[in-house]
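# Remarks on the overall topology
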Amino acid sequence: MRLQFYLRFHTEFGQSLWITGNAEELGNNDPGKAVPMEYLNEDIWECSLELKKRDRESPFCYRYFLKNKDAELLYEWGNDRLIEFEKNTNEIHLVDTWNNAGEYENVFYSDAFKNVLLKTKSRDDKTKQNKKHTHVFKVKAPLLRKGEQICLLGTGKSLKEWNEDKPVLLSKDGDWWVKKLDLSDSDFPVAYKYGVYDGREKKFIRYEEGNNRLIYSNASKKKITILHDGFIHLPNNTWKGAGVAIPVFSLRSKEGFGVGEFTDIKLLVDWAKATGLKLIQLLPVNDTSSTYSWTDSYPYSAISAFALHPIYINLWQLAGNEFADQLDSLKEKQRELNEKTVVDYEEVIKFKISVLKELYEAMHQECFASDDYKHFFRKNKHWLESFAAFSFFRDKYGSSNFEEWKSNNTYNKDEIDQLVSPGSQDFKEAGFYFFTQFHLHLQLKEAVDYAHKKGIVLKGDIPIGISRSSCDAWVAPELYNMCWQAGAPPDDFTAVGQNWGFPTYNWKKMQEDGFSWWKQRFGQLSNYFDAFRIDHILGFFRIWSIPANAVQGIMGRFVPCLPVHINEFGENAIWFDYQRYCRPFINDDVLAEIFAERAEEVKEHFLVPNDFDGYDLKLKYETQRLVETHFDALEPDEENEKLKLGLYDLISNVILFDDEESQGEKFHFRISMEKTSSFRFLEPHVKEKLKELYINYFYRRQDEFWYKEAMHKLPQLKAATNMLVCGEDLGMVPHCVPDVMQQLGILSLEIQRMPKDPKKEFFHPNDAPYMSVITPSTHDMSTIRGWWEESRERTQHFYNGVMGQWGEAPLYCEAWINRAIVLQHLYSPAMWGIFQLQDIMGMSETLRREKPNEERINNPAFDKHYWQYRMHINLEDLIKQKEFNEELKGYVVHSGR
């Protein structure tokens, strides 16, 4: 079998194209054994290949990848070019179109659309295919209306001489529309176009846009030409949807246990269906049970990237009729917890774990003997066994910090295999976690299946980090930089930055096995979700990394990052002074500014004079962690807290940080350098020169470097899943981020009050790109109503400038204002408009919560925030709000969503 490949693709100097596939001659999908193509002209590359005899029943599958001059590989999107070899055919010409991952249409073949939103019933296509044929036409068209199909017209008798009354109809084969034609009597080149045909009305609707397509290859009885024509050229930005965002723990139902449960998702689905919403966005649902205290309410600090949180289990559904009597004594406690306005995390988890253990005693033998459980165990064994062992030791030693355990603080697979084996003396305790995870899986999967039947998509959330006291860190600590803490630089949320406490990823180590941990993580998420949000996608370009001896995010820097070499200071006319730039700048003026009347006390207890007319911190207080330890031992009071924060400010009062691996030759600028008193006390010309280098460091030199870092990771990770991928690209966004997200077809996040253009005070929804999610607020922000009362000046600007209203802005966000803001977003060109449930209910004077400050889910300015927001009305009652629901549905439908 001779194969002749032609790929329509325009390359740049230094780039090359390669073919790989499921044949020995193509390297069996090993990129190291792929076949190089040859440059034919500016728009086409070609390759000839002799294929050995193979099983004609086994489809031949191939794809292309681009190799850049730096040897980086970029695969085209998808892997659906399947060729079935026909009898008596010894030569095939394959004329292909490169499928760029960033093409809008690829989104509509993701799980969210293919399996839910655009799912079509499989049917027997009665369109006839010519048994005798020379050419096979293939094209994709994801956004056809009901009853429409693809047709083909062109020059020559076989293509109906452009006669729109008798077009050639294509049939559906998987994702492709296909037609086999005999063009042996045609004159080449042949011009053709695809079109849309109404199968019910039996009439031609329209041609695709753009120039005619051309076939140059002559027809021959000895060969077949297959044309993979990519996507039909029709408007590809017409589909729009709306969704609701709310954490599972915030759901409220009449039969709840003081917290939202997986079974409540079905009620939310019913409401979404009634209001025309197509998507439900949730926060992470992984197990965070580290201390069983309220601090575990933080959903982004999971002890496992795979395990589900037991707080979301519905005990009554688990018990069933057979064991329901064991729960009778809980009804009073259930009522008490469910009447609370917020989640009482500690009480809920305490009672749920207690009852779970009782049910486990009664049910585990039958559960473990079931075929469903055995299937679940086999599929999840790779993480489930280590998680059960981790949880066993956490409970045994009263801590999730495995470094404090008296045994097994270093993971040993043989020992763990023995502990979780059925014959082990500890199996019964460890088995509790198998049992719990199995039933959590069943309840969440039931909710997912219900959502899909109703045509609703579920969107999950991938946290950027994992807890340093997690099962993942215990099992494979080499995958993480345990000496660093992930966080965020100063922003609108907090002037001293954020310290999330997570270890950062060791990307080089992760890349050694092709990012298998990430691929397993995506695989687990895809069991339940059709789409997901990548929390802090900027972390795949560079992550804000804070050394372990620091407390505040302001002490961090971006990693990886190109540092400033010591020679650059001289080249920029700056005399380099290590003491002045790299050590905390402390003099009497600085002390008076920070500590006022307590300055002398600080000098006496925490500082020592130095040789530079200033002071140094004593060794036992020279880092923020040391200061924190000192004050943790004291009685907490307001004055001590002020003193501690003042000392933090002293420690962060520097211009530069040492690059720890450079032996004093490379440095990193401290973020917000110009706001430090150290900077203010410099000579004007030095400040000017340092500012120029600072701007170069943060905003110029890193961009190409960070682009390459992202392209090392994100293409492989995105290719590992068919879920719809959305990125949370907020904060200090490098210039390369939009380009990478666009290339890979990752939806951006656009927020009205957080414009990415620094010249604008607000982002207008009308300016949103199609490939984006737009929202007026997120869980990390105040709601529309809460924000309206935060800054009178900003509210006034928004009222006049964005809403186009005259006069003075109302003091409070009245329902019509809230509604107007939601409608602005609904009519945006963005693919998705997703709204917090609080913002939707804010459209109604009767449904909204009385106090808007009670609607906020998280405040990033407080690192110990208690995540306990709950809906103030039951989902059952919300479903009964017919007038409001119909009104909302009207807005959604009228906006084209």
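A few points on the structure. The shown structure was predicted, so the numbers you read here are calculated from the model rather than taken from an experiment.

Turning our attention to the overall build of the protein chain. Scanning the protein chain from terminus to terminus reveals 28 helices and 37 strands. The C-alpha atoms of the protein chain give 31 Å as radius of gyration, which agrees with the globular expectation for 897 residues (29 Å, within 12%). Within the structure as shown, the protein chain displays about 40600 Å² of accessible surface, and the carbon and sulfur contribution to it stands at 49%.

Its 27 residues place the ends of helix 9 (residues 427–453) 39 Å apart at the C-alpha level, agreeing with the 39 Å of an ideal helix rising 1.5 Å per residue. Phi for Gly-455, located one or two positions after helix 9, is positive at around 80°.

One open sheet holds the three strands; their spatial order is 29-33-32, and the pairing between them is antiparallel. A single partner strand is all that each edge strand has here, and the edge strands are strand 29 (564–565) and strand 32 (656–658). Pairing of strand 29 with strand 33 (residues 666–669), which is carried by two bridges, proceeds in the antiparallel orientation. Its bridge partner lying in strand 33, Val-564 is registered against Phe-667. Here helix 20 (residues 684–699) sits on the sheet in contact with strand 29 and strand 33, set at roughly 90° to strand 33.

Another point: the pattern of salt bridges. Applying the stated criterion across every chain yields a total of 50 salt bridges. The salt bridge partner of Arg-680 is Glu-593, with a shortest N-O separation of 2.7 Å. Taken together, the residues Arg-680 in helix 19 (residues 677–680) and Glu-593 in helix 15 (residues 588–595) connect sequence positions 87 residues apart. Residue Arg-680 is classed as partly exposed on the basis of its relative accessible area of 40%. The closest approach of N and O atoms between Lys-756 and Asp-729, which form a salt bridge, is 2.7 Å.

Turning our eyes to something else, we now look at the packing of helix 15 against helix 16 (residues 599–606). In a packed pair of helices, the relevant descriptors are the angle between the two axes and the axis-to-axis distance. Where helix 15 contacts helix 16, the two axes come as close as 8 Å, and the packing angle between them is 115°. Of the residues in helix 16, those in contact with Asp-588, Leu-591, Ala-592 and Phe-595 of helix 15 are Ala-599, Val-602 and Lys-603. Here the contact of helix 15 with helix 16 is composed, by residue class, of five nonpolar, no polar and two charged.

Following both chains from N to C, one finds helix 7 (residues 371–397) and helix 9 inclined at 130°, their axes separated by 8 Å at the closest point. Looking at the two axes, helix 7 sits oblique to helix 9. Relative to helix 9, the crossing made by helix 7 is right-handed. Residues of the contact of helix 7 with helix 9, tallied by class, amount to twelve nonpolar, three polar and five charged.

A few words on the nonpolar core. Counting residues in hydrophobic clusters, the biggest one holds 227 residues, and the most contacted among them are Phe-5, Trp-518, Phe-669 and Leu-690. Looking at this core, the element that brings in the most residues is helix 9, giving twelve residues. The residues touching Trp-518, leaving out its near neighbours within four places in the chain, are Ile-462, Tyr-505, Trp-507, Met-510, Phe-540 and Leu-717. Counting residues in hydrophobic clusters, the runner-up holds 24 residues, among them Trp-239, Ala-531, Cys-726 and Val-773.

Across all of its chains, the model carries 84 aromatic pairs by this definition. Measuring from centroid to centroid gives 6.3 Å for Phe-402 and Trp-405, while their planes differ by 70°, and the two rings are edge-to-face. Each member of the pair, Phe-402 together with Trp-405, is buried. Geometrically, the ring pair formed by Trp-787 and Trp-788 is edge-to-face, given 6.3 Å between the ring centres and 75° between the ring planes. Of the two residues examined, Trp-787 and Trp-788, each falls in the buried class. Over the ring of Trp-18 we find Lys-67, and its NZ or CZ is 4.2 Å from the ring centre. For the cation-ring pair, Lys-140 lies above Trp-176, with the distance from its terminal atom to the ring centre recorded as 4.9 Å.

The omega torsion of the bond from Phe-188 to Pro-189 falls at 0°, within 30 degrees of zero and hence cis. In this structure, Trp-162 takes a positive phi of about 65° despite not being glycine. Mapped onto the elements, Trp-162 comes out in the loop between strand 11 (148–154) and strand 12 (168–169). For Ser-672, which is not a glycine, the phi torsion comes out positive at approximately 60°.

To continue, consider the sheet that holds strand 14 (residues 176–181). Pairing in this open sheet of eight strands is mixed, and the strands run 4-5-1-9-18-10-14-13 from one edge to the other. A strand with exactly one partner marks an edge of an open sheet, and here the two such strands are strand 4 (38–41) and strand 13 (171–173). Here the strands of the sheet are splayed against their neighbours by 25° on average, with no regard to which way each runs. Relative to strand 14, strand 13 runs antiparallel, the two being bridged by three bridges. Residue pairing for strand 14: Ser-171 is matched across the bridge by Val-178.

On to the state of the cysteines, then. Considering all chains together, one arrives at zero disulfides under this definition. You can see Cys-483 has no disulfide; the closest cysteine sulfur is in Cys-561, sitting 16 Å from it.

So, on to the environment of Glu-639. Relative to the assigned elements, Glu-639 resides in helix 18 (residues 638–651). Given the relative accessible area of 40%, Glu-639 is considered partly exposed. A sequence separation of 303 residues divides Glu-639 from Glu-336, and the C-alpha atoms of the two residues are 38 Å apart.

The next subject is the environment of Val-590. Mapped onto the secondary structure, Val-590 falls in helix 15. Val-590 sits in the buried class, given a relative accessible area of 1%. Along the chain, Val-590 and Phe-502 lie 88 residues apart, while their C-alpha atoms are 33 Å from each other. In contact with Val-590, other than residues within four places in its own chain, are Phe-585, Leu-650, Asn-653, Ser-677 and Phe-681.

As defined by bridge partners, strand 4 adjoins strand 5 (residues 44–50) across three bridges and the pair is classed as antiparallel. Residue Glu-38 lies in a different strand from strand 5, and its bridge partner there is Glu-46. Connecting the antiparallel pair strand 4 and strand 5 is a turn made up of two residues.

Turning to the environment of Phe-522, a few remarks are in order. Along the chain, the position of Phe-522 falls in helix 12 (residues 516–525). Phe-522 gets classed as buried once you look at its relative accessible area, which sits at 4%. For the pair Phe-522 and Lys-140, spaced 382 residues apart in sequence, the C-alpha to C-alpha distance is 26 Å. Beyond its immediate sequence surroundings of up to four residues, Phe-522 is in contact with Ile-462, Phe-532, Leu-717, Ala-720, Thr-721 and Met-723.

Two faces belong to every sheet, and in a regular strand the side chains alternate between them. Going residue by residue along strand 34 (residues 724–727), you find Leu-724 and Cys-726 tucked away on one face and Val-725 and Gly-727 tucked away on the opposite face as well. Here strand 26 (residues 531–534) pairs with strand 34 via four bridges, running parallel. Note on strand 34: the bridge partner recorded for Ile-534 is Gly-727.

In this structure, Thr-134 sits in the loop between helix 2 (111–117) and strand 10 (135–140). A distance of 2.9 Å separates the side chain of Thr-134 from the backbone nitrogen of Leu-183, its partner in a polar contact. Beyond its immediate sequence surroundings of up to four residues, Thr-134 is in contact with Leu-181, Asp-182, Leu-183, Ser-184, Ala-219, Ser-220, Lys-223, Ile-224 and Thr-225.

Reading guide: rules and limits
Residues numbered from 1 in each chain as written. Predicted model: local features only at pLDDT ≥ 70, side-chain atom pairs only at ≥ 80, totals over all residues. Heavy atoms only, no water. Helix = DSSP H or I, 4+ residues; strand = E, 2+ residues; numbered from the N terminus. Rg over C-alpha atoms; globule rule 2.2 N^0.38 Å. Areas by Shrake-Rupley, 256 points an atom, 1.4 Å probe, with all protein chains shown as cover. Expected span 1.5 Å × (residues − 1). Pairing = 2+ DSSP bridges. Contact = heavy atoms within 4.5 Å. Axes fitted to C-alpha atoms, helices over the stretch in contact; angles between N-to-C directions. Salt bridge = Lys/Arg side-chain N within 4 Å of Asp/Glu carboxyl O. Buried < 20%, exposed > 50% of the residue type's maximum accessible area, 1.4 Å probe, protein only. Nonpolar A, V, L, I, M, F, W, Y, C, P; charged D, E, K, R; others polar. Parallel < 35°, antiparallel > 145°, perpendicular 65-115°, else oblique. Left-handed = near helix turned anticlockwise from the far one by under 90°. Core = buried A, V, L, I, M, F, W, Y, C linked by side-chain atoms within 4.5 Å. Phe/Tyr/Trp six-rings, centres within 6.5 Å; stacked < 30°, edge-to-face > 60°. Lys NZ or Arg CZ within 6 Å of the ring centre and 35° of its normal. Disulfide = S-S within 2.5 Å. Polar contact = N/O pair within 3.5 Å; in protein donor to acceptor, adjacent residues only side chain to side chain.

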